[in-house]
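Secondary and tertiary structure notes
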Amino acid sequence: MGLQKCRGCLSCLLIPLALWSIVVNILLYFPNGKTSYATSNQLTNYVWYFEGICFSGVMMLLLAALLITLERDTFYQCCQSESCNKTYRVSLFVLALLGIAFSGYSVIISTLGLVQGPFCNTPAGWGYIFKDTAGGYLIEYSSWSQCIEPAHAVEWNIILFSILIALSGLQVIICFLKVMAELKQILCGTYSQSPIKMTKKSLLQK
């Protein structure tokens, strides 16, 4: 019941999460606020998958808008028949599943970007010097100094990808809760008649 009462609140939470995902992903294109690395293609390859801008960003904004629209009381009241109600619930269920897919994609790509490490300039030239560490560089702080350029590239990479993982992870959790709520209604929910129909039925029985 709690999930059903707050289904609109959960959908609204997706909007700020999506907006922050877009902002964080954009920041990945400008290490230390410089545009030169983006124009010269000296960025980690995972930023070009647009996980934060497109999937956990724009796509989630569109999905949240659809969910908020469909979950309005006025829309629900227009769908009182049993068949219509089931179609309505299935639609919400499918949208929530799409949300898990979009945000889940962002979690996976951001995690891969974090594990791979930044694309940076070292004494040996530009490359992914932490690629073969399987994420071990995250706790080997002394190795971070190998990245000469961009300045603080490792910290920039870790912080922003970690934030993206957290934002997308919250989106996954929210959409999962919505999937569970709608699945419960589809499988176990009972058809409730409108008050007008119930009144007419009781009068006829009398």
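Residues numbered from 1 in each chain as written. Predicted model: local features only at pLDDT ≥ 70, side-chain atom pairs only at ≥ 80, totals over all residues. Heavy atoms only, no water.

- Per an unreviewed UniProt entry, the recorded name for the protein chain is Transmembrane 4 L six family member 18, and the organism is Gopherus evgoodei.
- Looking at the Subcellular location (unreviewed entry) heading of the UniProt record, one finds this comment for the protein chain: "Membrane".
- Quoted verbatim from the Sequence similarities (unreviewed entry) heading of the UniProt record, the comment on the protein chain is "Belongs to the L6 tetraspanin family." (UniProt positions renumbered as here; feature names shortened; annotations may be inferred.)

1. Here we look at the pattern of salt bridges
- Scanning all chains against the criterion turns up 2 salt bridges.
- With a closest N to O distance of 2.5 Å, Lys178 and Glu71 form a salt bridge. Placement of Lys178 in helix 7 (residues 153–188) and of Glu71 in the loop between helix 4 (51–70) and helix 5 (73–77) is noted, with a sequence separation of 107 residues between them.
- You can call Lys178 buried: its relative accessible area is 4%.
- A salt bridge links Arg89 to Glu182; the shortest N-O distance between them is 3.0 Å. Of the two residues, Arg89 sits in helix 6 (residues 82–116) while Glu182 sits in helix 7, which places them 93 residues apart along the sequence. (Salt bridge = Lys/Arg side-chain N within 4 Å of Asp/Glu carboxyl O. Helix = DSSP H or I, 4+ residues; strand = E, 2+ residues; numbered from the N terminus. Buried < 20%, exposed > 50% of the residue type's maximum accessible area, 1.4 Å probe, protein only.)

2. Quick look at the packing of aromatic side chains
- Under the definition given, this model contains 9 aromatic pairs.
- With a centroid separation of 5.6 Å and 25 degrees between ring planes, the pair formed by Phe119 and Trp126 is classed as stacked.
- Summarising the aromatic geometry, the rings of Phe119 and Tyr128 are spaced 5.0 Å apart at their centres and angled 55 degrees between planes, so their arrangement reads as tilted.
- Phe119 sits in the buried class, given a relative accessible area of 18%. (Phe/Tyr/Trp six-rings, centres within 6.5 Å; stacked < 30°, edge-to-face > 60°.)

3. Re the UniProt feature "transmembrane region" (unreviewed entry) in the protein chain
- Taken from the UniProt record, the annotation "transmembrane region" (unreviewed entry) applies to residues 12–31, 46–70, 90–115 and 158–177.
- Segment residues 46–70 splits into 80% helix and 0% strand. End C-alpha atoms: 34 Å apart.
- Along residues 158–177 the backbone is 100% helical and 0% strand, and the end-to-end C-alpha distance reaches 28 Å.

4. Let's talk about the state of the cysteines
- All told, the structure shown has 1 disulfide when counted by the stated rule.
- The disulfide bridge from Cys120 ends at Cys147, spanning 1.9 Å between sulfur atoms. Looking along the S-S bond of the Cys120-Cys147 disulfide, the torsion reads about -50 degrees, which is the left-handed sense. Note that Cys120 is positioned in strand 1 (residues 120–122) and Cys147 in the loop between strand 2 (125–127) and helix 7, a separation of 27 residues in sequence. Each of the two residues, Cys120 as well as Cys147, counts as buried. (Disulfide = S-S within 2.5 Å.)

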